Amino acid sequence: MKLKQGSFLWYLYLDKLYCLLSVRNVKVLVEYFHLLDVHHNNTLNDVLFYHFLHHVTNWKRRQIMIVFNMLDWNAMGEIGFDQFYMLVCILLAQQNHLEEQFIFRHSRPVFELLDLEGELRIGADNFHMYNFLFNIKKQELKELYHDFDVTGDRRLNYKEFKLFTIFTMDKYQERQKAEKENEKKRKKEKKALLKKKTHQVNVSSKQSSFTNRSESRI
Amino acid sequence: MEEKPFRASLGSGGSDTSRPDNDIRNLWTRATLSQSKLNVPLPNVCEDSDLEDSSPHSKTRRWRNEKARRDSDGGWDHGEYKDGFKQEELEDHSLLELQLRQESSLGSHLEEGDVDSKTEIEMSSSESSLNILKHTPHRAYWVEQQNRLPLPLMELMENEALEILTKALRSYRSAVGRDHFLTKQLQRSIEGLKRRRSKRLNLLAY
């Protein structure tokens, strides 16, 4: 998922630690929500919601309606500002590649979102349906159910899900460290290359000046 | 006044440690911790400085501090240069030699120091009042700024909302018809946004 460049949401950002919007950003978001709330119900119906997401993301209609049904947890046919705020946080987390951190920080609300039937358990189907939202790949899903389904019922309860979020968070942090180290190595190599080049240039310039002098003598 | 330092310098250097509370440096540090201490009358401060044991070490320190303060008023580079030079002096020469030089000029420096401390207190109070004066007239402005959103952001939001709602209007018309009250409500919102946009454009044109 990519947010449309130059759109209003594109200018918002999440706090990297808590994966939430700042108060200022929330204030701005409230104003934006009220602009879209043309019927003055403090809600957005499915049509307005669809056109909003269609405008700011590259999601298809099917994906948008899945998200709407997920957020319309009261089955009112409308979503309020709380759900809208949650959606914006999820979008921004995806945009900024903070999915693992977001799921770790907000494991309970995410679990409740994924638990469509309210059975306090998430099946593999739920995850498949929402993998475009949290960017969970198929291979990771297999590992998830293989490693964390402690009870063996092929579904995850909240504790198992929480363990999964902790594990993915650790993996994410290790990846970040490895990336930083790789960057450092690359910088060092670049520096060394530059030094070599400058040294070569100096040597060649010295040689050329020497040959010029000897030629002039001759 | 000038005789006192002579007598003080001849005395033993034990009382500096015995009366740490009367050290002027402690007074100043305590003053910065609590506002009430700033109201310490100047004569008390001067008395304390007179009563303070005038061992060579304390005198040289005080003299150094006062000199540094005066120099810093003149300019950063000038003061820093002088401080650095003083440090080198102390390292190179013995303390007794320095004391002999100081005793002759200490009286005048002490007086200047008193004047400096007085002006310092006045300056700090005037500065604080200046700061208050600076902020008070602008408070209303800042309060308003805190509540308002920046205009470019409002413009961006309204333009985007207009695009979204215009597309939604087409869906409404096809789904529930042109005459439905929801369609009319949406149409009114779109017209309101368009009016606001045109007002803004007209203002920009002027």
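Residues numbered from 1 in each chain as written. Chains lettered and ligands numbered in written order. Predicted model: local features only at pLDDT ≥ 70, side-chain atom pairs only at ≥ 80, totals over all residues. Heavy atoms only, no water.

- Per an unreviewed UniProt entry, the recorded name for chain B is Cation channel sperm-associated auxiliary subunit zeta, and the organism is Acinonyx jubatus.

- In the annotation of an unreviewed UniProt entry, chain A is listed under the name EF-hand calcium-binding domain-containing protein 9 isoform X1 and assigned to Acinonyx jubatus.

Section: the interface of chain A and chain B
Then comes step 1: Taken together, the contact pairs 21 residues of chain A with 23 residues of chain B.
Then comes step 2: When chain A packs against chain B, close to 1900 Å² is buried across both sides, 68% of that on carbon and sulfur atoms.
Then comes step 3: Inspection of the region where chain A meets chain B yields seven residue pairs in polar contact (both at pLDDT 80 or more).
Then comes step 4: The residue makeup of the side of chain A that touches chain B, split by class, is 11 nonpolar, seven polar and three charged. (Contact = heavy atoms within 4.5 Å. Buried area = accessible area lost by both parts, 1.4 Å probe. Polar contact = N/O pair within 3.5 Å; in protein donor to acceptor, adjacent residues only side chain to side chain. Nonpolar A, V, L, I, M, F, W, Y, C, P; charged D, E, K, R; others polar.)

Notes on the packing of helix α2 (residues 46-56) of chain A against helix α3 (residues 61-71) of chain A
All names here are of chain A.
Then comes step 1: Between α2 and α3, whose axes approach to 10 Å, the crossing angle comes to 125 degrees. Here α2 lies oblique to α3, going by the angle between them. Here the hand of the crossing between α2 and α3 comes out right-handed. Contacts from D46, F49, Y50, L53 and H54 in α2 reach R61, I64, M65, V67, F68 and L71 in α3.
Then comes step 2: Across the contact of α2 with α3, the residue classes break down as eight nonpolar, one polar and two charged. (Axes fitted to C-alpha atoms, helices over the stretch in contact; angles between N-to-C directions. Helix = DSSP H or I, 4+ residues; strand = E, 2+ residues; numbered from the N terminus. Parallel < 35°, antiparallel > 145°, perpendicular 65-115°, else oblique. Left-handed = near helix turned anticlockwise from the far one by under 90°.)

Topic: the pattern of salt bridges
Then comes step 1: Evaluated as defined, the whole model comprises three salt bridges over all chains.
Then comes step 2: Two residues, A:R175 and A:E100, come together in a salt bridge whose shortest N-O distance is 2.9 Å. A residue pair is termed long-range when its members are at least 10 positions apart, and A:R175 in helix α10 (residues 158-217) and A:E100 in helix α5 (residues 99-105) qualify at 75 residues.
Then comes step 3: Residue classification places A:R175 among the partly exposed residues on the basis of a relative accessible area of 40%.
Then comes step 4: Among the ionic pairs, B:E158 bridges to B:R200, the shortest N-O distance being 2.2 Å. Placement of the pair is B:E158 in helix α8 (residues 151-176) and B:R200 in helix α9 (residues 181-205), with a sequence separation of 42 residues.
Then comes step 5: With relative accessibility at 6%, the residue B:E158 sits in the buried group.
Then comes step 6: Residues participating in the shared-partner salt-bridge network are B:E158, B:R196 and B:R200. (Salt bridge = Lys/Arg side-chain N within 4 Å of Asp/Glu carboxyl O. Buried < 20%, exposed > 50% of the residue type's maximum accessible area, 1.4 Å probe, protein only.)

Describing the packing of aromatic side chains
Residues and elements named next belong to chain A.
Then comes step 1: Applying the stated criterion to the full structure yields 13 aromatic pairs over all chains.
Then comes step 2: Ring plane angle 55 degrees and centroid distance 5.2 Å describe the contact between F49 and F68, whose orientation is recorded as tilted. Of the two residues, F49 is situated in helix α2 and F68 in helix α3; the sequence distance between them amounts to 19 residues. As far as burial versus exposure is concerned, F49 and F68 are alike and both buried.
Then comes step 3: Pairing W59 with F132 gives two aromatic rings, centres 5.3 Å apart and planes at 90 degrees, and the pair type is edge-to-face. Placement of the pair is W59 in the loop between α2 and α3 and F132 in helix α8 (residues 131-134), with a sequence separation of 73 residues. The exposure classification of W59 matches that of F132, with both residues buried.
Then comes step 4: Ring pairs connect the aromatic residues F8, Y32, F33, F52, F81, F84 and Y85, which therefore count as one cluster.
Then comes step 5: Over the ring of F104 we find K162, and its NZ or CZ is 5.3 Å from the ring centre. (Phe/Tyr/Trp six-rings, centres within 6.5 Å; stacked < 30°, edge-to-face > 60°. Lys NZ or Arg CZ within 6 Å of the ring centre and 35° of its normal.)

Regarding the side chain of A:T43
Residue and element names in this part refer to chain A.
Then comes step 1: Mapped onto the secondary structure, T43 falls in strand β1 (residues 43-45).
Then comes step 2: Reaching out from T43, the side chain makes a polar contact with the side chain of E78 at a distance of 3.5 Å.
Then comes step 3: Leave out the neighbours within four places in its chain, and T43 touches F33, D37, E78, I79 and G80.

Regarding the confidence of the model for chain B
All names here are of chain B.
Then comes step 1: Of all residues in chain B, 28% have pLDDT values of 70 or greater, and the mean over the chain is 60.
Then comes step 2: The least confident element of chain B, judged by mean pLDDT, is helix α1 (residues 3-10) at 38; the most confident is α8 at 91.
Then comes step 3: Counting contacts from residues 1-61, a segment whose pLDDT is below 50, to residues more than four positions away or on other chains yields 52 contacts.
Then comes step 4: In the predicted structure, residues 70-96 sits below a pLDDT of 50 and forms 20 contacts with residues beyond four places in sequence or in another chain.
Then comes step 5: For this predicted complex, the interface confidence comes out at an ipTM of 0.77, alongside a pTM of 0.58. (pLDDT = per-residue confidence, 0-100.)

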